[in-house]
Amino acid sequence: MPKSILYTKGSIIFFEGDKDENLYILQSGAILLTSRDLETGGKVGEQVKIGEFFGVKSALAHMPSLVTASVLEDSQVVQMTISEFEKLFSTKQAITEKMLRVFSKSLRDIHRKTSAFLKSSDFMVSPEKGMYMVAQSFYADDMFKTCLDVLERILKINPNPANLSEIQKLMKEAKMSSSRSNSGSFMSAGDQTVRTGSLSISQFDLPVFDRFTKKYEQGAVIISEFEPGETFYLIKEGEVQISKCINNQNKNLDILGSGAFFGEMAILDSSQRSASCIARTNVSCLEFNKANFKALVLSNPQIVMNLLKLFCKRIYDQNRQFKIILIKDIPARVCDVFLMYDELQGIKRDDENSKRKFNITINDVAGWAAITVQEAREQLTKLSDRGKIEIFENYIVIKNIHDIRRTVDAYYIKISAENEKK
């Protein structure tokens, strides 16, 4: 059962970095949530309003807290576990829909910060211009069918875009290349974990859902980054690769399998698509529009909870990626990419086994670190020459992850010392 706890003024409910899988509601008093701004290093704070939840993101994502919760005056707080939250609030559509919208906004804000830091205005470009950049990146990866699909979508949105001649030229080149080659850049099945959803597909096998079923061949575009978002999807069969175009390079974000949702973010805030979703295999999925979203998703407690957890995990992932590109020292930035992969595997820092194998390539490192492929190759070669790593075609072996961590820790110690002198 949820319990009501009285916290006295000056106490701390949880610190930034704590792993607390409880959720909280403020009944009375005043609670301040503080964190450090990733860009400036300065403190930022937000006061919790009476009746509001806090601690939700860290609890549902099963990750350390991003904030410290300080008690400004004697406060009565309701504490509950995740299972208690699900029982009490998963059917409260107004509450869960508000949470989904808040989390969606958080993700958009992180994306805007990332784009601004990289001096990119990608999130503000027209669909035609943004999608053309995406098509170019797929062409560069020899994914000619995917490139053509994106170009055709541009012309469907606007038959006469300002860059029509460029689109037609790339379309001609992609068609010629496609006729000569069946190659693509999808990873082999064992190279990356396919993340399946926790939702049972059997409940959608009823005849009433047949009209929502869409089928896509391998390499087909289901969603293109930058296009207007009007639908969301649930995978019935097959695998969908999620990728994002950064600095004209495709960065693979995830591979989704049966029971997983995608495309729901644009439904919530009526914005452009923030990533591309490509059929990695032949795919069968259910396609829903905004009206279906409320009727079929927000009214289903199990689906709502899955979405809440998904959003919380994505917020953590995006924050972690943003933290990497804020590192000014390129060697430390590259090392932090490996630390991020280590964290994704859930291995404890004090684990005695220090050797790691990461299924990533030089191109992947370049994408995560927001540097050129040539810069990534140079940095990885230096690490290899020093005996720190071994580079293979489809994976990289880290000899001792603790050596990599010491490089990143040394960077932050230096930055902290410099800030203290200011």
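Residues numbered from 1 in each chain as written. Predicted model: local features only at pLDDT ≥ 70, side-chain atom pairs only at ≥ 80, totals over all residues. Heavy atoms only, no water.

A.B. asks: Would you take a moment to explain helix α10 (residues 330-344) for this structure?
C.D. replies: Because an α-helix packs 3.6 residues into every turn, residues spaced three or four apart end up facing the same way. End to end, α10 covers 21 Å across 15 residues, agreeing with the expected 21 Å (1.5 Å per residue, within 8%). A332, R333, V334, C335, D336, V337, F338, L339, M340, Y341 and D342 are the residues of α10 that are buried. The elements touched by buried residues of α10 are α9 (301-325), β15 (356-358), α11 (362-369), α12 (373-385), β17 (396-398) and α13 (401-421). Two to three positions downstream of the cap, the backbone nitrogen of A332 sits 3.0 Å from a side-chain oxygen, assigning the N-cap of α10 to D329. (Helix = DSSP H or I, 4+ residues; strand = E, 2+ residues; numbered from the N terminus. Expected span 1.5 Å × (residues − 1). Buried < 20%, exposed > 50% of the residue type's maximum accessible area, 1.4 Å probe, protein only. Contact = heavy atoms within 4.5 Å. Polar contact = N/O pair within 3.5 Å; in protein donor to acceptor, adjacent residues only side chain to side chain.)

A.B. asks: Just checking my understanding: could you explain the sheet that holds strand β10 (residues 240-246) for this structure?
C.D. replies: One key point about sheets: their strands pair by backbone hydrogen bonds, in either a parallel or an antiparallel sense. One open sheet accounts for 4 strands, arranged β8-β13-β10-β11; its pairing is antiparallel. The open sheet is flanked by β8 (221-223) and β11 (249-256), the only strands paired with a single partner. Pairwise comparison of adjacent strand axes, ignoring direction, gives a mean angle of 35 degrees for this sheet. Here β10 runs beside β11; their pairing, made up of 7 bridges, is antiparallel. (Pairing = 2+ DSSP bridges. Axes fitted to C-alpha atoms, helices over the stretch in contact; angles between N-to-C directions.)

A.B. asks: Is there a simple way to explain the packing of aromatic side chains in this structure?
C.D. replies: How two aromatic rings sit relative to each other is set out by the distance from centre to centre and by the angle between their planes. Per the counting criterion, the structure on display carries 16 aromatic pairs. Both rings, one in F53 and one in F89, keep their centres 5.0 Å apart while their planes meet at 85 degrees; by these two values the pair is edge-to-face. Here F53, found in strand β5 (residues 53-54), pairs with F89, found in helix α2 (residues 82-89); they are 36 residues apart in sequence, far enough to count as distant. Across this residue pair, the class does not change: F53 and F89 are buried. On the numbers, 5.2 Å between centres and 40 degrees between planes, the contact of F232 with F288 is tilted. A residue pair is termed long-range when its members are at least 10 positions apart, and F232 in strand β9 (residues 231-237) and F288 in strand β14 (residues 283-289) qualify at 56 residues. As far as burial versus exposure is concerned, F232 and F288 are alike and both buried. By way of ring pairs, the aromatic residues F212, F232, F261 and F288 are connected into one cluster. (Phe/Tyr/Trp six-rings, centres within 6.5 Å; stacked < 30°, edge-to-face > 60°.)

A.B. asks: Before we go on, may I ask you to explain the pattern of salt bridges in this structure?
C.D. replies: Pairing between side chains becomes possible if they bear opposite charge and their charged atoms approach one another. Using the criterion set out here, one finds 14 salt bridges in the structure. Of the charged contacts in the structure, one is a salt bridge between E264 and R314, with a shortest N-O distance of 2.6 Å. Residue E264 is found in helix α7 (residues 264-269), and its partner R314 is found in helix α9; the two are separated by 50 residues along the sequence. Where R405 meets D342, a salt bridge forms, and the shortest distance between an N and an O atom there is 3.5 Å. Of this pair, R405 sits in helix α13 while D342 sits in helix α10; the two residues are 63 residues apart in sequence, bridging distant segments of the chain. (Salt bridge = Lys/Arg side-chain N within 4 Å of Asp/Glu carboxyl O.)

A.B. asks: Quick question: what am I supposed to make of empty space enclosed by the protein here?
C.D. replies: One water molecule sets the probe size; rolling that probe over the atoms shows where empty space is left. Scanning the model with the defined rule gives 1 cavity of 30 Å³ or more in all. By volume, the largest cavity amounts to about 230 Å³. Every residue lining the largest cavity is counted, 20 residues in all, and those nearest its centre are H111, T114, L118, K244 and I246. Only α3 (93-117), β10, α9 and α11 provide two or more residues apiece to the lining of the largest cavity. Top element by residues in the lining of the largest cavity is α9. It accounts for 4 residues. (1 Å grid on protein atoms, 1.4 Å probe; cavity = no way out; pocket = protein on both sides within 12 Å on 5 of 7 lines; lining within 4 Å. Points joined across faces, edges and corners; volume = space filled by probe spheres on them.)

A.B. asks: Can you help me understand the nonpolar core in this one?
C.D. replies: Soluble, globular proteins show a tendency: their nonpolar side chains are buried together. Within the largest apolar cluster, 41 residues are counted, with the highest numbers of intra-cluster contacts made by F85, F103, F293, L307 and L308. Top element by residues in this core is α9. It accounts for 10 residues. Once residues within four sequence positions are removed from consideration, F293 is found in contact with F232, E264, I267, L268, L298 and L307. Of all hydrophobic cores here, the second largest spans 26 residues; its members include F338, M340, Y341 and L380. (Core = buried A, V, L, I, M, F, W, Y, C linked by side-chain atoms within 4.5 Å.)

A.B. asks: Please clarify how the sheet that holds β15 should be interpreted in this entry.
C.D. replies: Read across the sheet, 3 strands follow the order β15-β17-β16 without closing on themselves; strand pairing throughout is antiparallel. Each edge of the sheet is formed by a strand with only one pairing partner; in this case those strands are β15 and β16 (389-391). Strand-to-strand twist in this sheet, taken as the mean axis angle between neighbours without regard to direction, amounts to 15 degrees.

A.B. asks: Which parts of the structure should I look at to understand the pairing of strand β13 (residues 276-279)?
C.D. replies: In regular strands, side chains alternate between the two faces of the sheet. The side-chain alternation of β13 yields two buried faces, one formed by S276 and I278 and the other by C277 and A279. In terms of strand pairing, β10 meets β13 through 4 bridges, oriented antiparallel. Bridge pairing in β13 links Q241 to I278.

A.B. asks: Help me out: how do you make sense of unusual backbone geometry in this one?
C.D. replies: The general pattern is negative phi for most residues beyond glycine and trans for most peptide bonds. One non-glycine residue, H62, lies in positive phi territory at about 55 degrees. As for its position among the elements, H62 is in the loop between α1 (56-61) and β6 (68-81). The class of H62 is partly exposed, set by a relative accessible area of 36%. If you check the backbone angles, F226 has positive phi at about 85 degrees while not being a glycine. In this structure, F226 sits in the loop between β8 and β9. On the basis of relative accessibility, which here comes to 3%, the residue F226 falls in the buried class.

A.B. asks: Explanation requested: the packing of helix α5 (residues 144-157) against helix α6 (residues 164-180) in the structure shown.
C.D. replies: Any two packed helices are characterised by the angle at which their axes cross and by the distance between the axes. Between α5 and α6, whose axes approach to 9 Å, the crossing angle comes to 150 degrees. Compared by their axis directions, α5 and α6 come out roughly antiparallel. You can see that α5 and α6 cross each other, and the crossing is left-handed. Contact residues: F144, C147, L148, L151, E152, I154 and L155 in α5; L164, I167, L170, M171, A174, K175, S177 and S178 in α6. (Parallel < 35°, antiparallel > 145°, perpendicular 65-115°, else oblique. Left-handed = near helix turned anticlockwise from the far one by under 90°.)

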